[in-house]
Amino acid sequence: MSLNINMNKLITICALGIMAAGLGCKQSGGTTVVAKKDSLPAGDTVMSCTSNLPSRFAAKASTDSITASGNSSYAGMVKVPGGDFLMGAADKAGRPDEYPQHAVHVDGFYMDATEVTNGMFSQFVKATGYVTTAERTPDWSELKKQLPPGTPKPADSLLVAASLVFTPPAHPVQLNDVSQWWQWVKGANWKHPQGPGSNIKGKDNFPVVQVSWDDAMAYAKWAGKRLPTEAEWEWAARAGLTNQPFTWGSEPVEKGQPKANIWQGHFPDYNTVTDGYARVAPVQSFAANAYGLYDMAGNVWEWCSDWYRSDYYAQINAKKLINPAGPAASYDPEEPTVPKRVVRGGSFLCHASYCASYRVSARMKTSPDTGLEHTGFRCVKK
Ligand SMILES: [Ca+2]
């Protein structure tokens, strides 16, 4: 994907960068591919998953003005015991950044049983007046720092508060062009996840989406909590199981009762909605894992506190990591100018043929100033 940017394309390109970061990739024969679709010519199946594209807003939110609510309640949280485990993919289904497995210890903690809901986030906004990233106008002076020198400023009409909305095509499309199913929509934000024509009325029990990492951090500060580390997240998702690929064990996701809100059918044009939900599902729509945690697979991606490094696991030398908090800095060789945070768990767009990121060890990364229709979070505390 070219970085020969023109003004009209800039926002779209920004959008594509975000989506490439959030949707998942597979590695095949040294070439990163987004997916393989049998109905397309072979040449159409391969692309760079995370082309060197900029993040969306490049406008960092500040949590300085956020005051902790003082609420020390553990309501809605479950106890996750401490313990030791092997972090990373135990089988051959992982992407390269999931290897090698390595020994980790995490102390016990409490974790939100569900993803943070619209109702919970509404309380935070009401109490603090917080304005999310997607509700703010992009900051061109910051955005251009992540673009090639000389990139022209886009039209002011494009530099508006907006966000990315999943817009499925009516027919099969080439999977190397994420703009086929994502649209940059002015006015899309957590209150209007699909744009001004949508709202969250009656959806207090749905996970909040279109929230950036910065937004999640602000919420966590107010709630007296924090985002989980990536190690805590994976340990919690494994829920006491040893080397199992899924939060429920080993049974394939498509077998038996629906286990998570993912994509069924043919991505992205045909969703059989076998699990009952074409987009975000209310929290607790599927069975909890053994720790009492819901939606640790599918529904929405969940922000973690760690920086993302593709080679983080490979660089670990310690015999066992104790409460690891991730690398000191981010580095994604596919998009080296853009710092990224880890997201986990996959979303309602995950399909076995596409990213299968409902696996407990699956890692993905997104720039912290990005909100997406399929990304939310949950919190932890001691
Ligand atoms: Ca679904």
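Not measured: the values here are computed from a predicted model.

J.: How should the overall build of the protein chain be read in this particular structure?
T.: Regarding its fold elements, the protein chain presents five helices and 16 strands. Relative to its 382 residues, the protein chain shows a buried fraction of 49%. If you take every contact in the protein chain between residues at least 6 apart in sequence, the share linking residues at least 24 apart comes to 76%.

J.: How should I be thinking about the sheet that holds strand 4 (residues 83-87) in this particular structure?
T.: Adjacent strands of a sheet form backbone hydrogen bonds with each other and so pair up, either parallel or antiparallel. Spatial strand order, 4-5-12: three strands in an open sheet with mixed pairing. This sheet does not close on itself; its edge strands, each paired only once, are strand 4 and strand 12 (321-322). Pairing of strand 4 with strand 5 (residues 102-106) involves five bridges; the strand directions are antiparallel. Counterpart to Met87 in the pairing with strand 5 is His102. On the sheet, helix 5 (residues 230-238) packs against strand 4 and strand 5 and is oriented at approximately 100° with respect to strand 4.

J.: Any chance you could explain the confidence of the model for the protein chain here in plain terms?
T.: Note: predicted coordinates in regions of low pLDDT should not be interpreted at a detailed level. Considering every residue of the protein chain, the mean pLDDT works out to 84; 83% of them sit at 70 or more. Note on residues 1-55: pLDDT under 50 across the span, and 118 contacts to partners over four residues away in sequence or across chains.

J.: Looking at this model, I keep getting lost on helix 5. Mind explaining?
T.: Helical geometry: 3.6 residues make up each α-helical turn, so side chains three or four residues apart lie on a common side. Counting buried positions along helix 5 yields nine of nine residues, so the element is predominantly enclosed. Positive phi appears at Ala239, one or two residues downstream of helix 5, with a value of about 50°.

J.: Sorry if this is basic, but what is going on with the sheet that holds strand 16 (residues 380-381) here?
T.: Pairing in this open sheet of three strands is antiparallel, and the strands run 3-6-16 from one edge to the other. In this open sheet, the two edge strands, each paired with only one partner strand, are strand 3 (77-80) and strand 16. Relative to strand 6 (residues 109-112), strand 3 runs antiparallel, the two being bridged by four bridges. Across the sheet, Met77 pairs through a bridge with Asp112, a residue of strand 6.

J.: Sorry if this is basic, but what is going on with the nonpolar core here?
T.: Core analysis: the largest hydrophobic core is formed by 79 residues, its most contacted members being Ala216, Tyr219, Leu227, Ala236, Cys350 and Tyr358. A total of eight residues in this core trace back to one element, the largest contributor, which is helix 4 (residues 213-223). Other than its neighbours up to four places away in sequence, Leu227 contacts Ala216, Met217, Ala220, Trp303, Cys304, Ser305, Phe377 and Cys379.

J.: Would you explain unusual backbone geometry in this entry?
T.: Here the bond from Tyr99 into Pro100 is cis, since omega is -5°, no more than 30 degrees from zero. Locating Pro100 in the fold gives a position in the loop between strand 4 and strand 5. The omega torsion across Phe267 and Pro268 is -5°, close enough to zero to call that bond cis. Note on placement: Pro268 falls in the loop between strand 9 (265-266) and strand 10 (270-271). The phi dihedral of Gln210 falls on the positive side, at around 60°, and the residue is not glycine. Along the chain, Gln210 falls in the loop between strand 8 (182-186) and helix 4. When the 26 C-beta atoms within 10 Å are taken as the criterion, Gln210 is described as buried. One non-glycine residue, Asn243, adopts positive backbone phi at about 55°. Examined against the element boundaries, Asn243 turns out to sit in the loop between helix 5 and strand 9.

Definitions and limits used
Residues numbered from 1 in each chain as written. Predicted model: local features only at pLDDT ≥ 70, side-chain atom pairs only at ≥ 80, totals over all residues. Helix = DSSP H or I, 4+ residues; strand = E, 2+ residues; numbered from the N terminus. Buried ≥ 20, exposed ≤ 12 C-beta atoms within 10 Å, placed from the backbone. Contact = placed C-beta atoms within 7 Å. Pairing = 2+ DSSP bridges. Axes fitted to C-alpha atoms, helices over the stretch in contact; angles between N-to-C directions. pLDDT = per-residue confidence, 0-100. Core = buried A, V, L, I, M, F, W, Y, C linked by C-beta atoms within 7 Å.

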